[in-house]
Amino acid sequence: MEILTTGEMEQADRLAIAAGAPGFALMLHAGQAVADAATDLAGQGPILVAAGCGNNGGDGFVAATELAARGHDVSVILLCGRDSLKGDAALAAKGWKGRVLPCDLSALGSPALIIDALFGAGLNRPVTGDPQAMIEAINANGAPVLSVDLPSGINGTTGAIMGVAVRATETVTFFRKKPAHLLLPGRIHCGRVRVADIGISDVVLDKIRPATFENIPDYWQGAFPVPRIDGHKYARGHAVIVSGDLTSTGAARLSARGALRAGAGLVSVLSPDDALGANTASLTAVMVRRMNGAAGFAEILTDRRLNACVIGPGAGVGEETRALVLTALAAKPALVLDADALTSFADLPARLFEAIKETGNTDIILTPHEGEFRRLFSEMSNKHPLRSKLERVRAAAGRSGAIVLLKGPDTVVASPDGRATIAANAPPWLATAGSGDVLSGMIGGLLAQGVPAFDAACIGVWMHGEAGHEAGPGLIAEDLPEVLPAVLRRLYDRFGIDY
Ligand SMILES: NC(=O)C1=CN([C@@H]2O[C@H](COP(=O)(O)OP(=O)(O)OC[C@H]3O[C@@H](n4cnc5c(N)ncnc54)[C@H](OP(=O)(O)O)[C@@H]3O)[C@@H](O)[C@H]2O)[C@@H](O)CC1
Ligand SMILES: [K+]
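What counts and what doesn't
Residues numbered from 1 in each chain as written. Chains lettered and ligands numbered in written order. Predicted model: local features only at pLDDT ≥ 70, side-chain atom pairs only at ≥ 80, totals over all residues. Heavy atoms only, no water. Salt bridge = Lys/Arg side-chain N within 4 Å of Asp/Glu carboxyl O. Helix = DSSP H or I, 4+ residues; strand = E, 2+ residues; numbered from the N terminus. Buried < 20%, exposed > 50% of the residue type's maximum accessible area, 1.4 Å probe, protein only. Axes fitted to C-alpha atoms, helices over the stretch in contact; angles between N-to-C directions. Parallel < 35°, antiparallel > 145°, perpendicular 65-115°, else oblique. Left-handed = near helix turned anticlockwise from the far one by under 90°. Contact = heavy atoms within 4.5 Å. Nonpolar A, V, L, I, M, F, W, Y, C, P; charged D, E, K, R; others polar. UniProt positions renumbered as here; feature names shortened; annotations may be inferred. Polar contact = N/O pair within 3.5 Å; in protein donor to acceptor, adjacent residues only side chain to side chain. Near = heavy atom within 4 Å. Areas by Shrake-Rupley, 256 points an atom, 1.4 Å probe, with all protein chains shown as cover.

Okay, the pattern of salt bridges next. This model, assessed by the stated rule, comprises 21 salt bridges. For the salt bridge of Asp40 with Arg194, the shortest nitrogen-to-oxygen distance reads 2.9 Å. Residue Asp40 is located in helix H2 (residues 23-42), and its partner Arg194 is located in strand E7 (residues 192-196); the two are separated by 154 residues in the primary sequence. Here Arg194 falls in the partly exposed class, since its relative accessible area comes to 30%. Between Arg419 and Asp417 there is a salt bridge, with its nearest N and O atoms 2.9 Å apart.

Right, here's the structure in full:
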């Protein structure tokens, strides 16, 4: 599903109006959708609408009018004088025949539901003064809150809190989600998110050409790899995972198991001499192969059947790992660079990015967490602290020439071609030692099966989040590969694939 910035949403609005849908009709639909959600939340209790001075407030007036017509006890507080309302908002306020209470905090009372219609897409500066006091009072009131379009105080495009923001129980937005419904902290303030149809045709998307999508199976169904009945394990690729030395071999093994469970036909751990014993003693279906430094690695990679490679988990930071990365880049298998492979270039990012661009290989994925991202892309994180995660990751993909996957509760995957996805399905207990190692392996396993890098990254992130739910609280990284069959079975069912 497409995600629209507030600017793109305005464009959708203009295109719909140009195609014959009156602007006020859109507002009427929006207000009705809010009224429907409010009825579900408030039961028969009294409802308070806190309205702002723009069209978000206009939606609030339409909802108030509709709810009163349905027999609810409704009151409205308005941030400004009724006379100062303009356009559709003024029209919507005319339809409201009840009293409008002044912006007085004591007027909030003890309603069964507060409808937050203070600010939506038009929020353009930090919230201070009376609106700030109103938002704080709404949050302190204790009643459930239904936000119209966005929780007031949240920037729709970045998800940032502009000083202070409503904490909603539910948010009703229109036509498509905005980045703030998925990116933190916005998502936390939204509560449940409902997307309402307000009469804008999907045809407008042909003109807007959005490049951001929610990371859900519908988005990548076409790229999802399904083993063929007439296939064999060699047709499903051979992923290789580079192991660290004797002191750190577990990360590569976690990664390897993730690759195997994600469907790679064969998986090998490439092990330095000193770690051969540890690796062979604890692996069965995953093969182990001796690898002596970058020269040995280069020789192994001359076998083109080894078509996907993961470097980073437990690899160690320094010149040796840099050499392994540059060797893999030169050999051009599909490549995941994670953890220490990224940190090894923290002081020399340009060297990594140039090497990536020189290969012409488009199947390269960098999978940093926030700390690794900051080290590798210091110019993107530190000079623009107010840039959204989405914008930062897009800029990083453009700068590096690789797919960049920035992990977190709102993992963003971006491609140098501008496409990006945001995932919202990761449970908090997924943030645990070794979890990222399994993710890099799962993506390596998908790459081995020939899935294009951007899709492999998106599928890996989504399945990793689902595996987190499947394993549940108390999860440790070892659980993740073991619950992948259940996740895959549900996906097969969802896609209607026979098994
Ligand atoms: N697009 C669509 O398809 C549809 C859009 N719809 C609805 O319209 C909403 C967007 O409406 P909008 O553009 O009028 O902006 P909105 O959020 O009401 O805020 C603007 C007002 O807030 C003020 N203001 C801003 N920041 C402030 C601050 N920090 N502190 C104080 N004041 C501040 C600003 O004041 P000004 O900058 O003029 O001083 C202005 O008065 C959208 O979210 C959706 O609900 C639907 O009806 C259906 C179709
Ligand atoms: K709002």
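Interhelical geometry of helix H3 (residues 55-69) versus helix H4 (residues 87-95) gives an angle of 20 degrees and a closest axis separation of 8 Å. One finds that H3 runs roughly parallel with respect to H4. Judged by the sense of rotation from one axis to the other, the crossing of H3 with H4 is left-handed. The residues of H4 that touch H3, namely those facing Asn55, Gly58, Phe61, Val62 and Thr65, are Asp88, Ala89, Ala92, Ala93 and Gly95. For the contact of H3 with H4, the residue count by class is five nonpolar, four polar and one charged.

Under the local residue numbering, the UniProt record ascribes the feature "binding site: AMP" (unreviewed entry) to Lys407, Gly408, Pro409, Asp410, Thr411 and Gly436. Spanning 30 residues, the annotated positions come together in the fold, the maximum distance between their C-alpha atoms being 14.2 Å. Along the chain, the position of Lys407 falls in the loop between strand E15 (403-406) and strand E16 (412-414). For Asp410, the position within the fold is in the loop between E15 and E16. Accessibility expressed as a relative area gives 4% for Asp410, which makes it buried. Excluding residues that lie within four positions of it along the chain, Asp410 makes contacts with Leu182, Leu183, Leu184, Arg187, Lys389, Ile422 and Ala423. Of the polar contacts made by the side chain of Asp410, one reaches the backbone nitrogen of Leu184; its length is 2.7 Å.

Before going further, it helps to spend a moment on the site of ligand 1. The immediate surroundings of ligand 1 are formed by 20 residues, with Asp59, Gly120, Ala121, Arg125 and Asp149 found nearest. A distance of 2.9 Å separates an oxygen atom of ligand 1 from a polar backbone atom of Gly122. Within the contact set of ligand 1, a nitrogen atom lies 2.7 Å away from a backbone nitrogen or oxygen of Arg125. When the free accessible area of ligand 1 is taken as 940 Å², the share hidden by the protein chains comes to 76%. Of all elements in the fold, only helix H1 (6-18) and H3 reach the threshold of two or more residues within the shell around ligand 1. Top contributing element to the shell around ligand 1 by residue count: H3, with three residues.

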